[in-house]
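# Structure at a glance
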Amino acid sequence: MPVRPTKESGLTPVACIDCRKQHLKCDAKRPSCSRCLRNGFVCQYIPSRRGGPRRSRRQPGSTHTTSAIATPQQAGSIPALPTDAIQPAFENATIPDLSMQPDPQVLTPSTTTTPFSRRITSTSFPSAAGDGSPWMGGMIRTNNGYNNTGDFSNKSSMENDDRLRRLFYENFHASHPILVPSRLFGDQHYPPCVQAVVCFIGSHYTSSGRTAEYKRRVLDDLGPHTEHSATAVQAWLLYAIVLNARKEAEEAQVALTQAIDLALELGMNRSHFASSTYAERSVEAESMRRTWWELCTTEIHISFSLNTFNFRCSSIAPEVGLPCEESLYNTGKDIPTPSAMLDFRRRILAADDPIFSSFSYRIDATMILCRVIVLNRIPDCHGDQVQAAENALVSWINHLPAKKLDIIDAYGNVDEMMFQAHLTIGYASMLLHLPRSDLQPVLERPEKSQFWPGAACQQQISSSLSTSTRLVHSIKATEASRRVSDSISVCPNILKHSPFIIPALSLCGKIQLATSTVHSDECFDHHCNRVNLILGCLKSARRTWELAESTYQSLRSSAAELMSDSLERCQWNAAPLNQLMMPTTEVAPVDPSRPGSSGLDGNNNNDPILNDLPPMFFDRACFNASFFTAVPDLNML
């Protein structure tokens, strides 16, 4: 309960600044309210003036001057008030020095010739700014508020950058949590390259349209003059992720290459790197471990989108400790000794049910995805290899602790790492089964796509399988796409998630489209609703990420081609509610050109499970009672 003003305690705030700005209820706990603690925000309070004596707006004898510091009444109208500039006693408030002077060595070109410094040139990012200007501009930048030392040149730029940093942490950081929590960002004294990347990413969540300007700032700060440090690796990595979401694939590959080269040069893949570099600061050491594992997962996603399969990070023996839980990391407190990847793999042999961090399960899911991607590139893969990949997918789910099965806790908080892990497993399952199913001939297959399992041997894979085997793969591909759509329906705000889930959503929609064409009209509404859900999510994300724009247009055009006739024929939404809720023996008219509604085994008359359910809601073609029992001697190839 918030503390009310009393004569003994004086005036007290009723909400912190962050909750006030977003008009949210605040529990006013000290030193941090529950919401700021959960999201990793800096929780600050200012004294309330309610019930106190009114002060004159202008002191006698004073002259009216323009002040750079906002008054408490004005603070509520400022879009982005720097939280670091607020002191407990506002009357004595002063803006601290946020210049964050960099180390003199940061901007000094390295005298040692390394693969990292040789590879990057002024032509590595052609037309990066979008105006034809070279990307390696001068260090003096008066238009964005920075001078040649990386200092803030005016307070308005400082306030704007603070707002962009807040947007970065509210929308992007939870999906790729490699930097320190928000409350520690100001004390970290990150170099200008990291600050520029954070502002560049945050600018995508505004309507100012100044992303090109912030991109030029990033390119000015990232180059041969940048110090070879772990923070530079973080800057390159975050920059590569956002470039991939902007569908600037070649530049994303260049940025990712720089990050990997520098990380290997520094030895970030070694178990002792984080602890030796930050021996007295466990949060910073945890940030370094997270950076290496984020490099491994990002390399897999970007390599697949570019159709290049040179996995440098994941091919190295894992020495780095696993990340901790997000809730512990966001507190900023000491991090315990991390678990090793070997401990994680031995969890299936433990007598009890050990629980690891959600980040760890996300890493494991991405490694299974990598395995499936490589498998689809093998022209003559053995059936045991396909079965082994399927076993890994099923085992990942079966060995999840009960605590990790849900992506939302009892308080409604989304576990972003587990959300990504579940979607990654669903994506891998779709990639494994779609090329071997009856669905893939229905869909348009672009030669080079981020969301298609494209391999030159896929036609040979499908044609070499028996009809029954292709049917099983079709069922599994459809079931995987259903799980993906169910997960995104729980957390539909796609801008709060990683842009790496966009290809999975697109492939999910395509599989539902293909399934709707081969299934009966009875279950068309189920598939249509899932396609509508995916289209809506991509439509929302395309305002921010160009990758979502291209995938949205591809899925929309396919849906317009494949679903138009069915939408005219199937008027499910116009059915009265009493007909939808009451079982009926009437059968909806079925198009003779489409498959019948007899189910996958061709017989549904004697199936008590199917006949007892409302026929207009039960998807007879998608769910069959025979698949609830064990299938003996199922051969995947």
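Notes on the structure follow. Remember, predicted model here, so these are calculated numbers, not experimental data. (Residues numbered from 1 in each chain as written. Predicted model: local features only at pLDDT ≥ 70, side-chain atom pairs only at ≥ 80, totals over all residues. Heavy atoms only, no water.)

On to helix 7 (residues 192–202), then. Counting buried positions along helix 7 gives 11 out of 11 residues, so the element sits mostly inside the fold. Within helix 7, the full set of buried residues consists of Pro192, Cys193, Val194, Gln195, Ala196, Val197, Val198, Cys199, Phe200, Ile201 and Gly202. (Buried < 20%, exposed > 50% of the residue type's maximum accessible area, 1.4 Å probe, protein only. Helix = DSSP H or I, 4+ residues; strand = E, 2+ residues; numbered from the N terminus.)

Using the criterion set out here, one finds 9 aromatic pairs in the structure. Taken together, a centroid distance of 6.0 Å and an interplanar angle of 80° make the contact between tyrosine 169 and phenylalanine 185 edge-to-face. Of this pair, tyrosine 169 sits in helix 5 (residues 155–171) while phenylalanine 185 sits in helix 6 (residues 182–188), placing them 16 residues apart in sequence. The interplanar angle of 90° and the centroid separation of 6.0 Å between the aromatic rings of tyrosine 205 and tryptophan 545 together place this pair among those described as edge-to-face. Here tyrosine 205 is found in the loop between helix 7 and helix 8 (211–221), whereas its partner tryptophan 545 is found in the loop between helix 21 (524–541) and helix 22 (546–569), with 340 residues between them in sequence. On the accessibility criterion, tyrosine 205 (16% relative accessible area) is buried. Ring-pair connections join several aromatic residues into one group, and the members of that group are Phe168, Tyr169, Phe172, Phe185 and Tyr190. (Phe/Tyr/Trp six-rings, centres within 6.5 Å; stacked < 30°, edge-to-face > 60°.)

As a further point, take the packing of helix 9 (residues 230–245) against helix 12 (residues 282–305). Each pair of packed helices can be summarised by the angle the axes make with each other and by the distance between the axes. Where helix 9 contacts helix 12, the two axes come as close as 10 Å, and the packing angle between them is 30°. Between helix 9 and helix 12, the angle is such that the two are roughly parallel. For the pair helix 9 and helix 12, the sense of crossing is left-handed. Where helix 9 abuts helix 12, its residues Ala230, Val233, Gln234, Leu237, Ala240, Ile241 and Asn244 lie against Ser287, Met288, Thr291, Glu294, Leu295, Thr298, Ile302 and Ser305. Counted by class, the contact of helix 9 with helix 12 contains 8 nonpolar, 6 polar and 1 charged residues. (Axes fitted to C-alpha atoms, helices over the stretch in contact; angles between N-to-C directions. Parallel < 35°, antiparallel > 145°, perpendicular 65-115°, else oblique. Left-handed = near helix turned anticlockwise from the far one by under 90°. Contact = heavy atoms within 4.5 Å. Nonpolar A, V, L, I, M, F, W, Y, C, P; charged D, E, K, R; others polar.)

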